[in-house]
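Overview (structure and organization)
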Amino acid sequence: MDILNALVAFTNFVIIPASTYGAQLAIGALGVTLIYGILRFSNFAHGETMAFGTMVVILFTGLFQSWGISLGPLPTALLALPFGIAAAAAMVLFTDRTVYKFYRRVKAAPVMLVIVSMGVMFMMNGIIRMIIGTDDRRFADGERFIMKAREFKELTGLSEGLAIRTTQVLTLVVAVATVALLFWFLNKTRTGKSMRAYSDNEDLALLSGINPERVVMITWLVVAALATVAGTLYGLDKSFKPFVFMQLLLPIFASAIVGGLGSPLGAIAGGFVIAFSEVTLTYAFKKVVTYLGPEGWSPDTLVQLLSTDYKFAVSFAILIIVLLFKPTGLFKGKAV
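One structure accompanies this document, and this report is about it. (Residues numbered from 1 in each chain as written. Predicted model: local features only at pLDDT ≥ 70, side-chain atom pairs only at ≥ 80, totals over all residues. Heavy atoms only, no water.)

Points about the nonpolar core
Here is a general trend for soluble globular proteins: nonpolar side chains tend to be buried in one another's company. Counting 93 residues, the largest nonpolar core has Leu-34, Tyr-100, Trp-220, Phe-240 and Leu-248 as the members making the most contacts within it. Of all the elements, helix 1 (residues 2–39) adds the most residues to this core, at 17 residues. Non-local contacts of Trp-220, meaning those with residues more than four positions away in its chain, are made with Ile-35, Leu-39, Phe-41, Asn-43, Val-92, Leu-93, Asp-96, Tyr-100 and Arg-104. (Core = buried A, V, L, I, M, F, W, Y, C linked by side-chain atoms within 4.5 Å. Buried < 20%, exposed > 50% of the residue type's maximum accessible area, 1.4 Å probe, protein only. Helix = DSSP H or I, 4+ residues; strand = E, 2+ residues; numbered from the N terminus. Contact = heavy atoms within 4.5 Å.)

As structure tokens, this is what we get:
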């Protein structure tokens, strides 16, 4: 019985949160890896693209709620998601036409585009803070739990409860659907094949008659959709605060690099590697160890390897190790 309680505690505080967080990082990392693979630069404004799309989702969610429109047990944000994607798409296309296009035309070095993207990042962050402010915003409504801890205890007779939030299940379902749709688009549609060809060999793709500007536009549209979905899922699961998405750049880039920059499959794998590493290394195992230890015994410490304050340090450490020993990542993407 104690082993089952320990397993439930581990599932409740490590496996479920890490899976949810991993799905959010994976979708975010897909956007980063598409930009790197097709447009050939690291977009530091990706976190703010997530924040901008999510901000619009929040604004439309509030509008729909004021009109009495909802999805019942599901978050109203799902109804507002298309509006957030459209706004993020308009923003990234605007920045591409007014900023990035010039540097592509003069064939600027990738490092120049990275610096430029940092300027875009600060500009977008300022716009977001001016519109929605800097405070935490919670916009999840509908049913909060699919399974409550008390219900689980009554159902199983265990002393440890398992709570499953609606947003956690929603994150995993939407992530699977998003990834499946993206892979179908890249592998089965003519436009997706054009994007892959452009990524593999730009000169050969141009000789084949592929329109580079159309590829760039479609790439930005796909990235805007991925960023808004990832940002909305993260905001629903936790909360929305503009500066948080700037901080998320580290684990998102770490996910993309660990999996292999330019590899969509690698971005997904990298997201879960980073998420499980962060959550596991910062979790206090005291409760689990107490269940597994002798009856009546409990450790004096939290049995925690790292404080949660060092969560992003785990991403940084993994990133450094991968860059030193396997810069192409797990799925042999493009070296950084």
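Picking up where we left off.
Some remarks on the packing of aromatic side chains
Taken as a whole and judged by the stated rule, the model has 13 aromatic pairs. Judged by centre distance (6.1 Å) and plane angle (15°), the rings of Phe-13 and Tyr-283 are stacked. Here the residue Phe-13 occupies a position in helix 1, and Tyr-283 occupies one in the loop between helix 12 (264–282) and helix 13 (286–292), the gap between them amounting to 270 residues. For Tyr-283, a relative accessible area of 11% corresponds to the buried category. Taken together, the ring pairs connect Phe-10, Phe-13, Tyr-283 and Phe-285 into an aromatic cluster. The residue whose ring lies beneath Lys-311 is Tyr-21, and the NZ or CZ to ring-centre distance is 5.2 Å. (Phe/Tyr/Trp six-rings, centres within 6.5 Å; stacked < 30°, edge-to-face > 60°. Lys NZ or Arg CZ within 6 Å of the ring centre and 35° of its normal.)

Details of helix 14 (residues 311–325)
Under the 1.5 Å per step criterion, the end-to-end length of helix 14 is 22 Å for 15 residues, consistent within 8% with the ideal 21 Å. Of all the positions in helix 14, only Val-314, Ser-315, Ile-318, Leu-319 and Val-322 are classed as buried. Relative to the axis of helix 14, the buried residues are bounded by an arc of 135° and lie together on one face. Contact partners of the buried residues in helix 14: helix 11 (249–259) and helix 12. (Expected span 1.5 Å × (residues − 1). Arc of directions from axis to C-beta.)

Digging into the side chain of His-46
With respect to the secondary-structure elements, His-46 resides in helix 2 (residues 46–66). Judged by relative accessible area, His-46 falls into the buried class, the value being 1%. Among the polar contacts listed, one links the side chain of His-46 to the backbone oxygen of Gly-28, at a separation of 3.0 Å. Here His-46 is in contact with Gly-28, Gly-31, Val-32, Val-223, Ala-227, Leu-249 and Ile-252, once residues within four sequence places are set aside. (Polar contact = N/O pair within 3.5 Å; in protein donor to acceptor, adjacent residues only side chain to side chain.)

Things to note about the packing of helix 6 (residues 166–188) against helix 12
The geometry of helix 6 relative to helix 12 is characterised by a closest axis approach of 11 Å and an angle of 165° between their N-to-C directions. Comparing the axis directions of helix 6 and helix 12 gives the class roughly antiparallel. The two elements helix 6 and helix 12 cross, and the hand of that crossing is left-handed. In this structure, helix 6 contributes Val-179, Phe-183 and Leu-186 to the contact, and helix 12 contributes Pro-264, Leu-265 and Ile-268. Residues that form the contact of helix 6 with helix 12 fall into these classes: six nonpolar, no polar and no charged. (Axes fitted to C-alpha atoms, helices over the stretch in contact; angles between N-to-C directions. Parallel < 35°, antiparallel > 145°, perpendicular 65-115°, else oblique. Left-handed = near helix turned anticlockwise from the far one by under 90°. Nonpolar A, V, L, I, M, F, W, Y, C, P; charged D, E, K, R; others polar.)

Examining the pattern of salt bridges
Taken as a whole and assessed by the stated rule, the structure comprises seven salt bridges. Where Lys-287 meets Glu-160, a salt bridge forms, and the shortest distance between an N and an O atom there is 3.4 Å. A residue pair is termed long-range when its members are at least 10 positions apart, and Lys-287 in helix 13 and Glu-160 in the loop between helix 5 (149–156) and strand 2 (164–165) qualify at 127 residues. Its relative accessible area of 36% is what places Lys-287 among the partly exposed residues. (Salt bridge = Lys/Arg side-chain N within 4 Å of Asp/Glu carboxyl O.)

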